[in-house]
Amino acid sequence: MSNKTKKPRIVLVTGGTKGIGLATALRFAQEGDQCVITYGWGSVVDGEIIDLFKSNNLLIPYLKQANVISSEDTEELLQEVFDKYGAIDVFVSNVSFTSLIKDIDDYSEKGLLRSIESSTYPMIEYPKRMKKIMGSYPHYVIGLSSHGPDSLLVNYDFAAVTKSLMEVLVRYLNYHFFDQDVIFNIVRTRPIITDSLLATFGQEWSEFIEKFDIPGCEVSLEEIANLIYILCSGYMDGIRGQTIIADKGYDFADGLPRIYMDREQLGLL
């Protein structure tokens, strides 16, 4: 339920102009929060995002082009946000950039480290920089994961490593930041058809999923955004340092046994 009379919280969503990031920013804005959205070079037309928020009578987000691995970009972003709004209350670390792995020749130390630097480390680096520039940490930090650590996914080797690291580090971060009352959690989703996913898995993925997926197990962007919001709402503060799986129980019924049982409905007989 929207509560636009409360004082707006300042919510930073990196990579927030598409997919889960945009849905998350919209969800917080629906509750009267002021969103700050970052994006990569050439990846968005500011006016389109602003018009989307305007058309829904939401607070206009502050848009900023910023590379998560650039110290200069991070410093500039956080200083601008602090000068304009004050300290950040919620940080959603949503950027996921990685090298695609088609075969073993694509493995490289540089590619692996770049994937970690882009997709995992901002969850640590950004709060530390916020403390330095703003004088306080965010109260909530959310990272985004996937089934990559547990499942074989095409082209996903290094991306899976970054997600695995996040899911381990979130427990340690909760320990180290507990006395500062910073709440770290990870939201793990099943594959959602977004531009990022299609760029990783290929355009044929959506057609395959539509044919063989379990009807009704689709997880929408709005459902993920709702989960992220409720974890930062104050109602779920007993959950800390956890990886929350949002898949409607999909894991239990995934794989060849389920396809075998549903072979008639799937037209495989």
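Residues numbered from 1 in each chain as written. Predicted model: local features only at pLDDT ≥ 70, side-chain atom pairs only at ≥ 80, totals over all residues. Heavy atoms only, no water.

Before going further, it helps to examine the packing of helix α3 (residues 71–85) against helix α5 (residues 122–134). For the pair α3 and α5, the least separation of the axes is 10 Å and the interaxial angle reads 50 degrees. In terms of axis orientation, α3 runs oblique to α5. Pair α3 / α5 crosses with right-handed handedness. Listed contacts from α5 to S71, T74, E75, L77, L78, Q79, V81 and F82 of α3 are Y126, R129, M130, K132, I133 and M134. For the contact of α3 with α5, the class distribution of residues is 8 nonpolar, 3 polar and 3 charged. (Axes fitted to C-alpha atoms, helices over the stretch in contact; angles between N-to-C directions. Helix = DSSP H or I, 4+ residues; strand = E, 2+ residues; numbered from the N terminus. Parallel < 35°, antiparallel > 145°, perpendicular 65-115°, else oblique. Left-handed = near helix turned anticlockwise from the far one by under 90°. Contact = heavy atoms within 4.5 Å. Nonpolar A, V, L, I, M, F, W, Y, C, P; charged D, E, K, R; others polar.)

The next point concerns the nonpolar core. Counting 31 residues, the largest nonpolar core has F28, F53, I142, L144, V187, I224 and I228 as the members making the most contacts within it. Elements with a contribution of two residues or more to this core: β1 (10–13), α1 (19–30), β2 (34–39), α2 (46–55), β4 (90–93), β5 (140–145), β6 (183–189) and α9 (221–231). At 6 residues, α1 tops the list of elements feeding residues into this core. Residue contacts for V187: discarding those within four places in its chain leaves I142, G143, L144, S145, I224, L227, I228, L231 and I244. (Core = buried A, V, L, I, M, F, W, Y, C linked by side-chain atoms within 4.5 Å. Buried < 20%, exposed > 50% of the residue type's maximum accessible area, 1.4 Å probe, protein only.)

Before going further, it helps to examine the packing of α1 against α9. Relative to each other, α1 and α9 sit at 55 degrees, their axes nearing to 8 Å. Of the possible angle classes, the one that applies to α1 and α9 is oblique. In the packing of α1 onto α9, the handedness of the crossing is right-handed. Side by side, α1 and α9 meet where G19, I20, A23, T24, R27 and F28 of the first sit next to L221, I224, A225, N226, I228 and Y229 of the second.

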